[in-house]
Amino acid sequence: MKYAYYPGCSLEATAKEYNLSAKLVAKKLGIELWEIPDWSCCGATAAHNRDYLLSLALPARNLAIAEKEGLDVAVPCAACFNRMRTAETAVRESRDMQKRISEILGSEYKATNKTRAFLDVVVNDVGLERIKEQVVKPLKGLKLAAYYGCLLVRPPKLTSFDDPEEPMTMDRLIEALDAEALSWSYKTECCGGSLSTARTDIGVKMIYQILRHARDAGAEGIVTACPLCLLNLDMRQAQAARVHSDQLNLPIFYFTELLGVALGYEPKDLGLDTHFVNPVPLLEANGL
Amino acid sequence: MERVELSVALRNNRSLKNKVESESGVVLSDCYQCGKCSAGCPAAFAMDYTPRQVIRLLQLGLGGEALKSHTPWLCASCQTCYSRCPREINLPRLMEAVRQEAKRRGIIPERKVDIFEKAFLDTVEKYGRAHEMGLMVQYNLRTLQPIKDALLAPPLLLKRKISPLPLKIKDIDSVKNIFAKVRNEGGSKQ
Ligand code: SF4
Ligand code: SF4
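Residues numbered from 1 in each chain as written. Chains lettered and ligands numbered in written order. Predicted model: local features only at pLDDT ≥ 70, side-chain atom pairs only at ≥ 80, totals over all residues. Heavy atoms only, no water.

Before going further, it helps to spend a moment on the environment of lysine 176 of chain B. Residues and elements named next belong to chain B. Along the chain, lysine 176 turns up in helix 12 (residues 172-184). Taking relative accessible area as the criterion, lysine 176 reaches 35% and is therefore assigned partly exposed. When the C-alpha positions of lysine 176 and glutamate 125 are compared, they lie 5.7 Å apart, and in sequence the two are 51 residues distant. Here lysine 176 is in contact with Glu125 and Lys126, once residues within four sequence places are set aside. (Helix = DSSP H or I, 4+ residues; strand = E, 2+ residues; numbered from the N terminus. Buried < 20%, exposed > 50% of the residue type's maximum accessible area, 1.4 Å probe, protein only. Contact = heavy atoms within 4.5 Å.)

Below, the discussion takes up helix 9 (residues 169-176) of chain A. Residue and element names in this part refer to chain A. Where burial is concerned, most of helix 9 is hidden: six out of the eight residues are buried. For helix 9, the complete set of buried residues consists of Thr169, Met170, Asp171, Leu173, Ile174 and Ala176. If you follow the buried residues of helix 9, they end up packed against helix 6 (118-126), helix 7 (128-134), strand 5 (143-146), strand 6 (180-181), strand 7 (221-224) and helix 14 (255-262). Note on helix 9: the residue one or two positions beyond its end, aspartate 178, has a positive phi of about 80°.

Residue-level contacts link 59 residues of chain B with 56 residues of chain A. Where chain B meets chain A, there are seven salt bridges. Taken together, the links from chain B to chain A amount to 19 residue pairs in polar contact (both at pLDDT 80 or more). Ranked by residue count, the leading element in the side of chain B that touches chain A is helix 9 (residues 111-127) of chain B, at nine residues. (Salt bridge = Lys/Arg side-chain N within 4 Å of Asp/Glu carboxyl O. Polar contact = N/O pair within 3.5 Å; in protein donor to acceptor, adjacent residues only side chain to side chain.)

To continue, consider the domain arrangement of chain A. Think of interface size as the accessible area that goes away when the parts come together; that is how it is often given. Residue and element names in this part refer to chain A. Once the domains are mapped, chain A shows domain 1 (2-118) and domain 2 (136-285). The straight-line distance from the C-alpha centre of domain 1 to that of domain 2 is 24 Å. Contacts between domain 1 and domain 2 engage 25 residues on the former and 27 residues on the latter. Counting the surface lost from both domain 1 and domain 2, the interface buries some 2100 Å², and carbon and sulfur atoms represent 69% of this. Where domain 1 touches domain 2, the interface holds zero salt bridges. Counting across the interface, domain 1 meets domain 2 through nine residue pairs in polar contact (both at pLDDT 80 or more). Here the residues of the side of domain 1 that touches domain 2 are counted per class, giving 15 nonpolar, seven polar and three charged. (Domains from an automatic or database assignment. Buried area = accessible area lost by both parts, 1.4 Å probe. Nonpolar A, V, L, I, M, F, W, Y, C, P; charged D, E, K, R; others polar.)

Structure representation (structure tokens):
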């Protein structure tokens, strides 16, 4: 099981622990990751807001390197995943676009390889049965809300591996680790993404709704697969609570961190001590 | 808004309509105004026109009003509307086309959003990757609010979550080339 690996800019900075934990669980589960050498930014929201062609060419540069190796690309960041799927689909569907992008890159890119969300690789390629066999610390007792946000599952034509309104991939993983995946209604609502940086006043309202609904559903923590979601829900949680005169203490996890804990890694080695809302007390209270 | 003669407005706005249609791939007349997009839009509470109304303005030849709207700039690109629209209208792409056209005409209703994105892409062009620390500093300088997100920078630094120095990729020329060629193709990245 070998994939090209595209961490993306966030995983080198605010989401270091996502990178760390993804690599550790990959190793344990026998997923071989070949990090794309000298990878560059996918352009994120800024590129597609400003220029469609730029928003295709930037991810394509990375996809083209992996294509030469004949590898599909595993991507932990939901936003990068979405941009890369958009680029590869546009190139695959139009010869004209394929020519334009290849011309801009200065090398041939045909989109014969595919982008895969790292969550999809873990749950569907490795499989829950094999994961269960390797669990050494079941997450018994933890009540968790799986939060997918936008770009992992929408638009379904592009993302394709789960349902856009009621996705279950992460819920099934949580259950496989013996924790409880709660049913709640905000699992695919938007956290504001990068809008929350420029217009924090709008962002915190969106963030608060998600946090509040998770808590009201009985969640002790939220699980994500997106660095932007985690940053918003974790770093801006205090502000969101303050603005709404509420008190919140909801640790936010990357799915790879919880998977790592269940596979036997220490929370510190997974980077769990770098979150703003400290998740360690919750883990300790549950004997983890 | 003042009273307008719609048939005249429609004629005068044809070129704008054609432009956003060709850039977004959206056929405006496909939208039958059911409102499903706007009912589910998570940012609608902050918008001046709902996403459905933006389409309606363009359909009616009142594109000038759409160009002034904050809505396209506040769209979070969450893809909810596009996933639900019974007519498969790619609204986020339409929002992009409208704001790009607005910008070309010098209309920028959301300065902060514009400055943030420009700072972001400048870093990518220069280093090949986004650099969050540099981005925050740039953003705060350009919006003249050195205190705002700088408040979040120290805790991020403390948690080793952002590094003070940018990392440049080796083959930076290949990224610079992408930007240059897109600009040559008449791209709107400024
Ligand atoms: S959901 Fe689609 S058809 Fe309905 S108003 Fe919105 S864009 Fe138009
Ligand atoms: S993509 Fe934009 S317009 Fe559509 S639902 Fe999301 S925020 Fe609203």
